[in-house]
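Structural overview
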Amino acid sequence: MRAVRVPVFVLAVVAAYILCSAAWVTTESQRWLDAADRVSDAALRGDVSDAEAALDALEALWQKHQGYLHIVISHTELDEAEALLAQARAAVRQGDMQTLYPTVAELRSQFKLLAETQQISLKNIL
């Protein structure tokens, strides 16, 4: 019976880490979504300076934990979000709110996908 204690303990620690990581990614993705909403709102109003400030805030939130995200999430999905952020930045620089709004909508979808891939579900396990 003693030989089982260590493996069970290790499995419990790993399971706790996975659950905490999934919860953390979900929380962070909600922050990214909220920041993207602020960018969208500014784009709808046609306010370039507000859109730029909101995009700066979104990028700061996004960059804050990139080291950890590259450990737990597929690089392909992270690269897609990075590309969409770059497109949004280019649209803001050009003052093109017509392009910014759909780009931010795609970015929101990507953030939702990132959170979904980290959720504990049968689909993700299998």
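Residues numbered from 1 in each chain as written. Predicted model: local features only at pLDDT ≥ 70, side-chain atom pairs only at ≥ 80, totals over all residues. Heavy atoms only, no water.

Here the focus is the side chain of Gln110. If you trace the backbone, Gln110 turns up in helix α5 (residues 97-118). In terms of polar contacts, Gln110 uses its side chain to reach the backbone carbonyl oxygen of Glu77, at 3.0 Å. Not counting residues up to four positions away in its chain, the partners in contact with Gln110 are Glu77, Glu80, Ala81 and Leu84. (Helix = DSSP H or I, 4+ residues; strand = E, 2+ residues; numbered from the N terminus. Polar contact = N/O pair within 3.5 Å; in protein donor to acceptor, adjacent residues only side chain to side chain. Contact = heavy atoms within 4.5 Å.)

Our next topic: helix α2 (residues 48-64). Helical geometry: 3.6 residues make up each α-helical turn, so side chains three or four residues apart lie on a common side. In this model, α2 (17 residues) spans 24 Å end to end at C-alpha, consistent with the 24 Å of a helix rising 1.5 Å per residue. Restricting attention to buried positions, one finds in α2 the residues Ala51, Ala54, Leu55, Leu58 and Trp62. Down the axis of α2, the sector holding all buried residues measures 105°, keeping them to one side. Away from the buried face of α2 by more than 90 degrees, exposed residues Ser49 and Lys64 are located. (Expected span 1.5 Å × (residues − 1). Buried < 20%, exposed > 50% of the residue type's maximum accessible area, 1.4 Å probe, protein only. Arc of directions from axis to C-beta.)

What follows covers helix α4 (residues 75-94). Over its 20 residues, α4 runs 29 Å from end to end, which matches the ideal 28 Å to within 8%, given 1.5 Å per residue. Three or more residues of α4 are buried, namely Leu78, Ala81, Leu84, Leu85, Ala88, Arg89, Ala91 and Val92. End-on view of α4: buried residues confined to an arc of 160°, all on one side of the axis. Structural note: α4 exposes Thr76, Arg93 and Gln94 on the side pointing more than 90 degrees away from its buried face. Residues of α4 that are buried in the fold lie against α2, α3 (66-72) and α5. The first or second residue beyond α4 is Gly95, which carries a positive phi of 70°.

Going through the model one piece at a time under the given rule, you end up with 6 salt bridges. The residue Arg108 makes a salt bridge to Asp37 at a minimum N-O spacing of 2.6 Å. Of this pair, Arg108 sits in helix α5 while Asp37 sits in helix α1 (residues 2-45), and the two are 71 residues apart along the sequence. Two residues, Arg89 and Glu52, come together in a salt bridge whose shortest N-O distance is 4.0 Å. In this pair, Arg89 sits in helix α4 while Glu52 sits in helix α2, placing the two residues 37 residues apart along the sequence. Given the relative accessible area of 9%, Arg89 is considered buried. The network of salt bridges with shared partners includes Glu52, Asp56, Glu59 and Arg89. (Salt bridge = Lys/Arg side-chain N within 4 Å of Asp/Glu carboxyl O.)

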